[in-house]
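So the chains spell out like this:
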Amino acid sequence: MSENKYLKNLNRIEFLVTLDCTGHCKHCSEGDHPFTGMHIDSNIAGKLVETVASAYKIESVMTFGGEPLLCADSVYAIMSAAKELNIPKRQVITNGYFSKNEDKIREVAAGLAACGVNDLLLSVDAFHQETIPLDIVKQFAAAAKACGIPIRLQPAWLVSATDDNPYN
């Protein structure tokens, strides 16, 4: 890959894995998308991480969506490539609701740990919880924590974290 002056400081790769999502949140910048089953190609995405990292000092790789864990194999491929290349930060943003099956939830959490995810950003707030069952999100958070994956909660604050309103 030849040096591109506009990308000379490139240090992060972000992948929108799919637009499919289990939530229909009012605040979503992606709008209301019907399920299409379309997602990023796992093999191409993994190779892209390798190609870009061979030309730039990549410090962070992130996957998000829609709900990226609906396509967990794609997330695994991306994060496995990042782990093999010793890219320090490997992040997933998720609403935590990709399955109702407890075994599948634990399986995905174990898969994320195995491929080196080291920063799980869990979207939790009143807007997400209007359409996403909190008990399942809690199951996923517990499974991820049990696998040793660090979790950060990513609420969408209305005004600020300290504002007293029913949406915070």
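Residues numbered from 1 in each chain as written. Predicted model: local features only at pLDDT ≥ 70, side-chain atom pairs only at ≥ 80, totals over all residues. Heavy atoms only, no water.

Comments concerning the overall build of the protein chain
Right, on to step 1. When its secondary structure is counted, the protein chain shows five helices and five strands.
Right, on to step 2. Helices (α) and strands (β) of the protein chain occur, in sequence order from the N terminus, as β-α-β-α-β-α-β-α-α-β.
Right, on to step 3. By residue count, 40% of the 168 residues in the protein chain fall in the buried class.
Right, on to step 4. Partitioning the intrachain contacts of the protein chain with sequence separation of at least 6 by distance along the chain shows that 81% fall at a separation of at least 24.
Right, on to step 5. Carbon and sulfur atoms make up 54% of the accessible area of the protein chain, which amounts to about 9200 Å² in all. (Helix = DSSP H or I, 4+ residues; strand = E, 2+ residues; numbered from the N terminus. Buried < 20%, exposed > 50% of the residue type's maximum accessible area, 1.4 Å probe, protein only. Contact = heavy atoms within 4.5 Å. Areas by Shrake-Rupley, 256 points an atom, 1.4 Å probe, with all protein chains shown as cover.)

Quick word on the pairing of strand β2 (residues 60-65)
Right, on to step 1. Relative to β2, strand β1 (residues 12-18) runs parallel, the two sharing six bridges. Bridging across to β2, threonine 18 finds its partner in glycine 65.
Right, on to step 2. As judged from the four bridges shared by β2 and strand β3 (residues 89-94), these two strands associate in the parallel manner. Looking at β3, one finds that methionine 62 is bridged to glutamine 91. (Pairing = 2+ DSSP bridges.)

What to know about the pattern of salt bridges
Right, on to step 1. All chains considered together, the criterion is met by five salt bridges.
Right, on to step 2. The shortest N-O distance in the salt bridge between arginine 12 and glutamate 14 comes to 2.7 Å.
Right, on to step 3. Notably, a salt bridge pairs aspartate 119 with arginine 152, separated by 2.6 Å at the nearest N-O pair. With aspartate 119 in strand β4 (residues 119-122) and arginine 152 in strand β5 (residues 151-153), this residue pair connects regions lying 33 residues apart in the sequence.
Right, on to step 4. For aspartate 119, a relative accessible area of 6% puts it in the buried group.
Right, on to step 5. In the salt-bridge network here, residues are joined through shared partners; they are Glu102, Asp103 and Arg106. (Salt bridge = Lys/Arg side-chain N within 4 Å of Asp/Glu carboxyl O.)

Here's the deal with the nonpolar core
Right, on to step 1. Within the largest apolar cluster, 39 residues are counted, with the highest numbers of intra-cluster contacts made by Phe15, Val61, Leu69, Val92, Leu112 and Phe140.
Right, on to step 2. For this core, the elements supplying multiple residues, two or more each, are β1, α1 (42-55), α2 (72-84), α3 (102-114), β4 and α5 (134-146).
Right, on to step 3. No other element matches the seven residues that α2 contributes to this core. (Core = buried A, V, L, I, M, F, W, Y, C linked by side-chain atoms within 4.5 Å.)

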